[in-house]
Every structure is written in structure tokens, then in C-alpha cells.
Amino acid sequence: MHTLEFATRSRCELCDITPQLRAFAARMAEERAWLHGALALFCPHTTCGLTVNEGADPDVRRDMLAFFSRLVPEDGDYRHAEGNSDAHIKASLHGSSLLLLVEDGRLCLGTWQAVYLCEGDGPRRRSLWLQWLPGAEES
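My aim in this report is to walk through the structure given alongside it, one point at a time. Because the structure is a prediction, the values reported are computed rather than measured.

Considering the overall build of the protein
Item 1. On a plain count of helices and strands, the protein comes out with 3 helices and 8 strands.
Item 2. Mapped from its N terminus to its C terminus, the protein presents α and β elements in the order β-β-α-β-β-α-α-β-β-β-β.
Item 3. Referenced to the eigenvectors of the C-alpha coordinate spread, the extents of the protein come out at roughly 55 × 30 × 25 Å.
Item 4. Among the 139 residues that make up the protein, the fraction classed as buried is 40%.
Item 5. Within the protein, residue pairs in contact and separated by at least 24 positions form 84% of the contacts whose partners lie at least 6 positions apart.

Given below as C-alpha cells:
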């Protein structure tokens, strides 16, 4: 297992981690010949999640954050003493894992897609765990 570290800057943000994941995949292809397979991502935090979505227009991130803030407001009728129940709910909506295909040492993403760390209780230092899943051998 490998770990990538990130620092978020806001209480709620969608942090584009695609460049770091592309660099990791390229480095592993060179160092370990990880060319064809999948990269499993897991976020070991209960107030932060992962998603794949539009990466070209920053307004999409803004719109998603605005929607989630309306859907799950920070000041809802919550009992959790730490005051971050909204972040726990948002993390559950996003999910804690992704599986990304890798071909020729490159992430396989759609033309407009990016991978986001979905922060709900920042700013914080966040870890992301990565596990390589080799593809079937070609015959």
C-alpha cells in the first residue's frame, strides 16, 4: 500500500488530486512496471470523501459545493458534539473509495474528468491510501 498526503485549505472544498495521481501512476510504471491494471483509492477519513467529475470548468466545483451545502447545511438539526455532522454526511454521500483504470502507466479518465478529494471539515492534512491491482496477463 502507498500513501499520498494532501493539505486542504477550506472547510469545504473539492481538491483536484488528478495531477498527483497521474504522477504516481507514471512513477510506478517506470519504477515497478505497473502498466496495465487498476489503482484502488481509499480515503481513511470520516469527514472527507472522493469523487470523479468535471475538471475543465471550475464553476462545476462551485456548483457542487453550493448544492451540497444546501442539501446538508452546516447548521442542521444535529446532535454530534464536535459540530461537524454535515461533513460526516457529505463524506458518506461522496464515498470513501474509487477504482481507476490504468493503461500504459496512465490513468484512464474521460476527456473532462478529474479526481477530487472532497473535504468537508477542513482545513486539514489528509491521507489517501493507494493499492495497485494488476491487470490480467495478455495471452
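Once the structure has been displayed, the description carries forward.
Notes on helix H3 (residues 85-94)
Item 1. Turning to H3, its buried residues number three or more, namely Ser85, Asp86, Ala87, Lys90, Ala91 and His94.
Item 2. Buried positions along H3 lie against strand E4 (48-54), helix H2 (58-71) and strand E7 (113-119).
Item 3. Backbone geometry just downstream of H3 places Gly95 in the positive-phi region, at approximately 100°.

Thoughts on the pattern of salt bridges
Item 1. The final tally for this structure, using the stated rule, is 8 salt bridges.
Item 2. Across the pair Glu13 and Arg9 runs a salt bridge, and its minimum N-O distance is 3.8 Å.

Describing the sheet that holds E7
Item 1. Strand order in the open sheet formed by 3 strands is E2-E7-E4, and the pairing between neighbours is antiparallel. The strands lining the two open edges of the sheet, one partner per strand, are strand E2 (13-16) and E4. Across this sheet, the average inter-strand angle for adjacent strands is 35°, counted without regard to direction.
Item 2. Of the strand pairs in this sheet, E2 and E7 are connected by 4 bridges, and their pairing is antiparallel. Each residue of the ladder has a partner; that of Leu14, found in E7, is Cys118.
Item 3. Helix-sheet contacts for H3 involve E4 and E7, and the interaxial angle to E4 is about 50°.

A few points about a nonpolar patch on the surface
Item 1. Among the surface-exposed residues, Phe67, Leu71, Ile89 and Leu93 lie close enough to one another that they form a single nonpolar patch of about 370 Å² accessible area.
Item 2. Of all elements in the fold, only H2 and H3 reach the threshold of two or more residues within the nonpolar patch.
Item 3. Residue position: Leu93 is located in helix H3.

Some details on the sheet that holds strand E1 (residues 2-7)
Item 1. Taken in spatial order, the 5 strands line up as E1-E8-E3-E5-E6 in an open sheet, and their pairing is antiparallel. The open sheet is flanked by E1 and strand E6 (106-107), the only strands paired with a single partner.
Item 2. Against the sheet, helix H1 (residues 18-32) makes contact with E1, strand E3 (37-42), strand E5 (97-103), E6 and strand E8 (125-134), and its axis sits at roughly 155° relative to E1, the strand it touches most.

With respect to the nonpolar core
Item 1. Core analysis: the largest hydrophobic core is formed by 24 residues, its most contacted members being Ile17, Leu21, Leu41 and Leu128.
Item 2. At the level of elements, E1, H1, E3, E4, E5, E7 and E8 are the ones that each hand at least two residues to this core.
Item 3. Examining the composition of this core, we find that 4 residues originate from one element, H1, more than from any other.
Item 4. In this view, Ile17 contacts Phe6, Leu50, Val115, Tyr116, Leu117 and Leu128; residues no more than four positions away in its chain are not counted.
Item 5. Residues Leu14, Phe68, Tyr116 and Cys118 belong to the second largest nonpolar core, which totals 6 residues.

Cut-off values and rules
- Residues numbered from 1 in each chain as written.
- Predicted model: local features only at pLDDT ≥ 70, side-chain atom pairs only at ≥ 80, totals over all residues.
- Heavy atoms only, no water.
- Helix = DSSP H or I, 4+ residues; strand = E, 2+ residues; numbered from the N terminus.
- Buried < 20%, exposed > 50% of the residue type's maximum accessible area, 1.4 Å probe, protein only.
- Contact = heavy atoms within 4.5 Å.
- Salt bridge = Lys/Arg side-chain N within 4 Å of Asp/Glu carboxyl O.
- Pairing = 2+ DSSP bridges.
- Axes fitted to C-alpha atoms, helices over the stretch in contact; angles between N-to-C directions.
- Patch = residues over 30% accessible without salt bridge, like charges linked within 9 Å, V, L, I, M, F, W, Y side chains within 5 Å.
- Areas by Shrake-Rupley, 256 points an atom, 1.4 Å probe, with all protein chains shown as cover.
- Core = buried A, V, L, I, M, F, W, Y, C linked by side-chain atoms within 4.5 Å.

Interpretation in functional terms is not warranted from these geometric data alone.
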